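Geometric and topological summary
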Amino acid sequence: MNGTADNHVSKNNHSPVIAMVLSILFAGLGQIYNRRFLKGVIFALVEVAFIVTMLDSINFGLWGLRTLGTIPGVDHSIRLLVLGVLSLIGIVILGSLYVFNVIDAKRQAQKIQTGWKPKKMRETIRDAYDTTFPYLMTFPGLILMIFVVIFPLLFSILLAFTNYDLYHSPPRNLVEWVGFDNFVNLVTVPIWQETFLSVFSWTIVWTVVSTTLQIAVGLFLALLVNDPRVKFKKLIRTILILPWAVPAFITILIFSAMFNDEFGAINRDIIIPLFGGEGIPWLSDPFYAKIAIIMIQTWLGFPFIFALFTGVLQSISKDWYEAADVDGGTRFQKFRHITLPHVLFATAPLLIMQYAQNFNNFNVIYLFNEGNPPIRGQNAGGTDILISWVYKLTFDTNNYSMAAVVSIIMGVIVSAFAFYQFRQTKSFKEEGEI
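Residues numbered from 1 in each chain as written. Predicted model: local features only at pLDDT ≥ 70, side-chain atom pairs only at ≥ 80, totals over all residues. Heavy atoms only, no water.

Turning our eyes to something else, we now look at the packing of helix α9 (residues 190-226) against helix α13 (residues 286-315). α13 packs onto α9 with a crossing angle of 40° between their chain directions and a minimal axis gap of 6 Å. As summarised for this structure, α9 and α13 are arranged oblique, according to the angle between their axes. Relative to α13, α9 is oriented so that their crossing is right-handed. Broken down by class, the residue content of the contact of α9 with α13 amounts to 18 nonpolar, 9 polar and 1 charged. (Axes fitted to C-alpha atoms, helices over the stretch in contact; angles between N-to-C directions. Helix = DSSP H or I, 4+ residues; strand = E, 2+ residues; numbered from the N terminus. Parallel < 35°, antiparallel > 145°, perpendicular 65-115°, else oblique. Left-handed = near helix turned anticlockwise from the far one by under 90°. Nonpolar A, V, L, I, M, F, W, Y, C, P; charged D, E, K, R; others polar.)

Structure representation (structure tokens):
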């Protein structure tokens, strides 16, 4: 019946402007004007359901987001913030549907104006299923991503612009919006400024040195074991990968005991017998603690790099090296022009992720010495990196807003670094473009 009625749609008199205006006035009216009754009714029902069931909730959520409560002891600011974020997400989703409804009505009216005859109901449903199948399959993942990724991200960003801390904790007290005060305090208030610069600079050093070391050690050992003159390669590879087989937290705790200033095996059995004295203050001196942590991370990280590079090296054709021998190429030239480009082409994204991972490597810092030793005049430990500092701000001092500020800075740095490096690396180009 729908298709028969559509055949009578006038080619000249059907107006896309009217269809668009009707859809703006109320969702679905434009589709009904286009004689797409089922689609129009669905859009209209969605808008009616929204008005009846969600309008009040969204209004309350937006009020809570704007005020964060007005009565201490009654209004819970954080719950209002959560409802506000959910309201924003709901508005974006419903707004997208509304815009789609308007665009759909206009485009379909334009087709009808040019003489297009809509298909019958059964054909329309079949075509819609074929074209929307990938979207239907990814829809649950999209919903999950909204609540697992986007919601916490928005909540964290908004939290950075409040004064939510130990002294402004609901329900006894209300949380207030403070604008960019937390960001300004981080770089102007002496204790925050000194702590931030110290932790940030150490985080950069830690990321670059520990990651580069584990990559260099892994590459060196992979080249060494892959040399045709080396025998018992399987045995050597198995031994070198063994540190990877042990759970990282066990390794870190064992190293923490071995580096202990008083009873650790490194001081008691190696340093003191060889050099005398009282040993090295691995845990109580920030400088030595940092060296120990970098060595531990190198130990933990090199087996993965070694296994990665070993697989890539075995895939390089021997013909290339034989051609280089014919041309008189030296070992270094073969490494520079054959081995290294091939290895980096295949592994660059994973190596970049190693830097990003170590930038946020909480486990090794916290399990080794909990970011200690403490530093006078700072509210972070001597080996704290940004992520472990965020943990302390959140769970030790309950300074949630400042923790959110530092988290945002970390997210921006890691995102910018990863985006730039991924854009620069050749591994994301076609082989013919290299």
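Still more ground to cover, so stick around.
Relative to the helices and strands, valine 85 is located in helix α6 (residues 77-113). Remark: the alpha-carbon pair of valine 85 and proline 286, spanning 201 residues in sequence, is separated by 41 Å. Among all residues touching valine 85, those that are not within four sequence positions of it are Phe151, Leu154, Phe155 and Leu158. (Contact = heavy atoms within 4.5 Å.)

One pass over the full model with this rule turns up 5 salt bridges. The shortest N-O distance in the salt bridge between aspartate 104 and lysine 39 comes to 3.3 Å. In this pair, aspartate 104 is assigned in helix α6 and lysine 39 in helix α4 (residues 37-53), connecting sequence segments 65 residues apart. We classify aspartate 104 as buried; its relative accessible area is 14%. When its relative accessible area of 31% is taken as the criterion, lysine 39 is described as partly exposed. With a closest N to O distance of 2.7 Å, aspartate 384 and lysine 392 form a salt bridge. (Salt bridge = Lys/Arg side-chain N within 4 Å of Asp/Glu carboxyl O. Buried < 20%, exposed > 50% of the residue type's maximum accessible area, 1.4 Å probe, protein only.)

To continue, consider the side chain of aspartate 384. With respect to the helices, strands and loops of the structure, aspartate 384 is situated in the loop between α16 (362-369) and α17 (386-395). Its relative accessible area of 1% is what places aspartate 384 among the buried residues. For aspartate 384, the side chain forms a polar contact with the main-chain nitrogen of glycine 381, separated by 2.7 Å. Excluding its chain neighbours within four sequence positions, the residues that come into contact with aspartate 384 are Val199, Trp202, Ile365, Glu370, Gly371, Trp389 and Lys392. (Polar contact = N/O pair within 3.5 Å; in protein donor to acceptor, adjacent residues only side chain to side chain.)

Here, UniProt's "domain: ABC transmembrane type-1" (unreviewed entry) annotation points to residues 200-421. Helix makes up 77% of residues 200-421 and strand 0%, and the two end C-alpha atoms of the span are 20 Å apart. (UniProt positions renumbered as here; feature names shortened; annotations may be inferred.)

Scanning the model with the defined rule gives 23 aromatic pairs in all. With 4.9 Å between their ring centres and 70° between their planes, phenylalanine 259 and tryptophan 282 make a pair best called edge-to-face. With phenylalanine 259 in the loop between α11 (248-258) and α12 (265-275) and tryptophan 282 in the loop between α12 and α13, this residue pair connects regions lying 23 residues apart in the sequence. Tryptophan 282 carries the same exposure label as phenylalanine 259, and that label is buried. Consider the rings of phenylalanine 259 and phenylalanine 368, whose centres lie 6.0 Å apart with planes at 75°: the pair is edge-to-face. Here phenylalanine 368 lies in helix α16 and phenylalanine 259 lies in the loop between α11 and α12, a separation of 109 residues in the sequence. Given a relative accessible area of 4%, phenylalanine 259 falls into the buried group. In textbook terms, an aromatic cluster arises when at least three aromatic residues are bridged by ring pairs, as seen for Phe255, Phe259, Trp282, Phe287, Tyr288, Trp299, Phe302 and Phe368. (Phe/Tyr/Trp six-rings, centres within 6.5 Å; stacked < 30°, edge-to-face > 60°.)

It is worth spelling out the domain arrangement of the chain at this point. Interface size is often expressed as the accessible area that is lost when the parts come together. Looking at the chain, the domain boundaries give domain 1 (16-178) and domain 2 (184-431). A C-alpha centroid distance of 43 Å is found between domain 1 and domain 2. If you look at the interface, domain 1 gives 9 residues, while domain 2 gives 9 residues. Contact between domain 1 and domain 2 buries roughly 670 Å² in total, counting both sides, with carbon and sulfur atoms accounting for 67%. Sorting the residues of domain 1 by area buried against domain 2 places Ala160, Tyr164 and Leu166 first, and these three jointly supply 53% of that buried surface. The interface formed by domain 1 and domain 2 includes 0 salt bridges. Across the domain 1-domain 2 interface, the total number found is 3 residue pairs in polar contact (both at pLDDT 80 or more). The residue inventory of the side of domain 1 that touches domain 2, partitioned by class, reads 5 nonpolar, 3 polar and 1 charged. (Domains from an automatic or database assignment. Buried area = accessible area lost by both parts, 1.4 Å probe.)

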